[in-house]
Amino acid sequence: ETGVTQTPRHLVMGMTNKKSLKCEQHLGHNAMYWYKQSAKKPLELMFVYSLEERVENNSVPSRFSPECPNSSHLFLHLHTLQPEDSALYLCASSQDKTGRSNTGELFFGEGSRLTVL
Amino acid sequence: LAKTTQPISMDSYEGQEVNITCSHNNIATNDYITWYQQFPSQGPRFIIQGYKTKVTNEVASLFIPADRKSSTLSLPRVSLSDTAVYYCLVGDTGFQKLVFGTGTRLLVSP
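Everything in this summary refers to the structure shown in the same document. Keep in mind that this is a model prediction, so the values were computed, not measured.

**Some thoughts on the environment of S50 of chain A**
Its place among the elements puts S50 of chain A in strand 5 (residues 44-50). Along the sequence, S50 of chain A and D96 of chain A sit 46 residues apart, while their C-alpha atoms lie 7.3 Å from each other.

**Thoughts on the side chain of S93 of chain A**
All names here are of chain A. With respect to the helices and strands, S93 occurs in strand 9 (residues 87-94). Among the residues examined, S93 registers a relative accessible area of 0% and is labelled buried. Polar contacts involving the side chain of S93 include one to the side chain of H29, which spans 2.8 Å. Leaving out residues up to four positions away in the same chain, S93 has contacts with V4, Q25, L27, H29, A31, M32, Y33, E105, L106 and F107.

**Comments concerning the layout of surface pockets**
All names here are of chain B. There is about 550 Å³ of room inside the largest pocket. Counting residues per element, the ones that place at least two in the lining of the largest pocket are strand 8 (84-91) and strand 9 (104-109). Broken down by element, the residue count for the lining of the largest pocket peaks at four residues, all from strand 9. A breakdown of the residues in the lining of the largest pocket according to their chemical character gives eleven nonpolar, nine polar and four charged. By residue number, the principal contributor to the lining of the second largest pocket is strand 4 (residues 45-50), which donates three residues. By residue class, the composition of the lining of the second largest pocket is six nonpolar, one polar and three charged.

Here is what the cut-offs are and how they apply
- Residues numbered from 1 in each chain as written.
- Chains lettered and ligands numbered in written order.
- Predicted model: local features only at pLDDT ≥ 70, side-chain atom pairs only at ≥ 80, totals over all residues.
- Heavy atoms only, no water.
- Helix = DSSP H or I, 4+ residues; strand = E, 2+ residues; numbered from the N terminus.
- Buried < 20%, exposed > 50% of the residue type's maximum accessible area, 1.4 Å probe, protein only.
- Polar contact = N/O pair within 3.5 Å; in protein donor to acceptor, adjacent residues only side chain to side chain.
- Contact = heavy atoms within 4.5 Å.
- 1 Å grid on protein atoms, 1.4 Å probe; cavity = no way out; pocket = protein on both sides within 12 Å on 5 of 7 lines; lining within 4 Å.
- Points joined across faces, edges and corners; volume = space filled by probe spheres on them.
- Nonpolar A, V, L, I, M, F, W, Y, C, P; charged D, E, K, R; others polar.

What follows is the structure, given as structure tokens:
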């Protein structure tokens, strides 16, 4: 139990569907992240929220839409995805100590395995 | 950008000590060095973090030389359950710097 919970753990969707991934952290952290991990590839940072403000969008296609309603919750809304978007989507949180810097101590959820048909 | 370089894979046997070295020649003054462990289909898990010299916790030790251009994760007496991918991460200011490399795939055999 890492204190970061992701739902659903598995999701299968068609290319025309709209779905959402949810992440909740119980650690009192003020920064949350979405990472994508495709097969045999490094983790790719997608989005970063610090104090509920998006501080990083790592050139992610608009078919992925993040939402951070408060410091404990993070969503990733999915629409008109492509089969190549199939991957493990990982949420993480951390305590941002000095505003915009971070020493790298991330706490990850177990991920949402997404399959796009 | 503080890029890291690690061996792609390592093999070991149960009970042995494993040392995984990470190179980070462009490490900045404010950077910390953090190691993570990842099992298949799970999120990475924090192992240890350090800034300089040596850090030890209940699962590993981290050795950082004075120039901080490399670091070595030491796992004492590994078991089969230590088979995983190990990532070295150098923390920089700005979230865009939190980049994971390809990691080191450690295989522990009986």
